[in-house]
Every structure is written in structure tokens, then in C-alpha cells.
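Residues per chain, in single letters:
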Amino acid sequence: MTRSGAEETLAPRGEMSSQFGRDLIVRMLLVRLEGDAQKLASAFALRYRAIESERPHVRRRLGVCYSDGTIRIRLFHARTGRPLKYSSLVDTLCHELAHLRHFNHGRRFQALYRRILEHARRAQIYCPGPAREDTPEPALPDRVPGKRTPRAPVSAPPGPQVPEQLALF
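I will try to describe carefully the structure that is included in this document. This is a predicted model, so every value here is computed, not measured. (Residues numbered from 1 in each chain as written. Predicted model: local features only at pLDDT ≥ 70, side-chain atom pairs only at ≥ 80, totals over all residues. Heavy atoms only, no water.)

1. As for the packing of aromatic side chains
The line we're drawing: Note on aromatic contacts: the rings of Phe and Tyr and the six-membered ring of Trp form a pair at centre separations within 6.5 Å, being stacked when their planes are under 30 degrees apart, edge-to-face when over 60 apart, and tilted otherwise. Here a helix means four or more residues in a row that DSSP labels H or I, a strand means two or more in a row labelled E, and each is numbered from the N terminus. Remark: exposure states derive from per-residue accessible area (1.4 Å probe, protein chains only) relative to the maximum for the residue type, with buried under 20%, exposed over 50%, and partly exposed in between. Charges are assigned to positions over rings by a cutoff of 6 Å between ring centre and Lys NZ or Arg CZ, combined with an angular limit of 35 degrees from the ring normal.
Enumeration according to the criterion identifies one aromatic pair in this entry. Summarising the aromatic geometry, the rings of F109 and Y113 are spaced 6.1 Å apart at their centres and angled 5° between planes, so their arrangement reads as stacked. A residue pair is termed a helical-turn pair when its members lie 3 or 4 positions apart in one helix, as F109 and Y113 do in helix α4 (residues 107-122) at four residues. On the basis of relative accessible area, F109 is assigned to the buried category, the value being 0%. Judged by its relative accessible area of 14%, Y113 is buried. Taking the ring centre of F76 as reference, the NZ or CZ of R22 above it sits at 3.7 Å. The residue whose ring lies beneath R32 is Y86, and the NZ or CZ to ring-centre distance is 3.6 Å.

2. Structural notes on the pairing of strand β3 (residues 70-73)
Rule in force here: In this scheme, strands are said to pair when DSSP sees at least two bridges between them.
Residue alternation in β3 divides its side chains into two sets, T70 and R72 and I71 and I73, and both sets are buried. Here strand β1 (residues 50-53) runs beside β3; their pairing, made up of four bridges, is parallel. In the sheet register, S53 faces β3, and the bridge partner there is I73. As paired elements, strand β2 (residues 63-65) and β3 share three bridges and run antiparallel to each other. Note on β3: the bridge partner recorded for V64 is R72.

3. What about the nonpolar core?
The tendency in soluble globular proteins is for nonpolar side chains to be buried side by side. This is how it is decided: Residues belong to one nonpolar core when they are buried, are Ala, Val, Leu, Ile, Met, Phe, Trp, Tyr or Cys, and are joined through side-chain atoms within 4.5 Å. Any two residues whose heavy atoms approach within 4.5 Å at even a single point are treated as in contact.
Counting 32 residues, the largest nonpolar core has L97 and I116 as its most contacted members. Ignoring any residue separated from it by four or fewer positions in sequence, one finds L97 in contact with L40, A41, L46, Y48, I71 and I116.

4. Structural notes on the sheet that holds β2
Keep this limit in mind: Fitting a line to C-alpha atoms yields each axis, with helices limited to the stretch in contact; the angle taken between N-to-C directions then spans 0 to 180 degrees.
The three strands lie next to each other as β1-β3-β2, forming an open sheet whose pairing is mixed. With partners counted over all chains shown, the strands left at the sheet margins are β1 and β2, one partner each. On average, each strand axis in the sheet is inclined to that of its neighbour by 15°, with strand direction left out of account.

5. Remarks on unusual backbone geometry
Positive phi outside glycine occurs at A45, with the angle close to 55°. As for its position among the elements, A45 is in the loop between α2 (13-43) and β1. For A45, a relative accessible area of 64% translates into the label exposed. One non-glycine residue, Q124, lies in the positive phi region at around 60°. Position of Q124 relative to the elements: it lies in the segment after α4.

Laid out in C-alpha cells, this is it:
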């Protein structure tokens with residue numbers, strides 16, 4: 001039995017659907033980030049060229065601002081492949097917007113970054129904390145091709161209670 005030409009060019013069903021889901025999430029997040037970037041940039045008289053998704057193989061940084069005004073933000077967790085919390089993306093966006101004026105991490109940069117982040121908080125663009133149930137984060141399929149499935153956590157032996165680390169992403 002032969003397959004039609006259209007079927008031969010398609011990736012395996014699971015791979016194609018997960019890539020489609022990832023592409024859809026990227027588009028949704030970039031549209032939302034672009035709208036928020038416009039509001040924040042105009043409030044501080046900043047000009048950027050474009051907001052883009054960081055390339056998939058980049059794992060060492062959350063964002064980068066180029067001298068031409070292009071801002072790239074990593075949208076997915078480096079190990080799990082799941083989308084980062086939107087508040088983390090906005091934090092990175094505010095950081096990169098501050099680099100449009102100060103291309104270093106000096107005191108003036110830090111002061112501007114804090115002002116942009118506080119403005120984003122007051123405008124309810126930046127809302128850190130656990131994901132709320134009424135605004136779910138977009139989810140990826142359970143398995144992403146090329147990514148290992150994380151192992152189930154191993155329970156710690158009984159002992160003194162240690163405070164849990166806050167979830168940042």
C-alpha cells in the first residue's frame with residue numbers, strides 16, 4: 001500500500017503535533033510579550049526593533065538585547081522544554097528593555113530595570129507568584145521529541161524539615 005505524496009512529506013504524527021503545539025505557544029507568547037513591550041517601552045521612551053523567541057539551542061541565558069534593538073527571550077525551560085511562567089518572561093523583558101538605554105549592568109541600569117519592573121507590576125503586566133488557576137499557562141504535550149522524560153522525584157528520607165525553594169520559573 002502506498003502513501004500519497006502529501007503524507008510522505010509529513011513528520012510522524014506525534015512529532016508533528018508536538019511541534020505544531022510548540023509553534024502555537026511561541027506565537028501566542030510573542031504576541032502577548034510584544035503588546036506588553038510596547039506599553040513598557042512607550043512609558044520609558046525606549047525604542048526596540050523586534051521581540052523574538054531565542055533560538056532553541058540557547059540554554060545559558062534567558063534573554064539578550066542586541067545593539068540594533070532586537071530583543072530575544074527564551075520562552076521554554078532549558079531542561080524540561082515547558083514554557084516558562086509569563087512573569088519570568090516579563091521580568092526578562094524588563095531587563096532587556098533597560099539594556100536599550102544602558103548596555104551594561106551598572107547602577108543606572110539596575111535603577112532603570114527596577115523602575116520598569118515596578119511599572120509593569122503596577123500595570124498588572126508583571127504578576128509574580130504561582131500560576132493562577134483562572135489564567136492557565138499554555139501547556140506543551142507530555143512528550144517533546146528529542147527531550148528526555150524527567151524521572152519521578154525520589155522521596156527524601158525522614159529527617160529535619162527543610163524549607164522548600166521558591167519556584168521562579
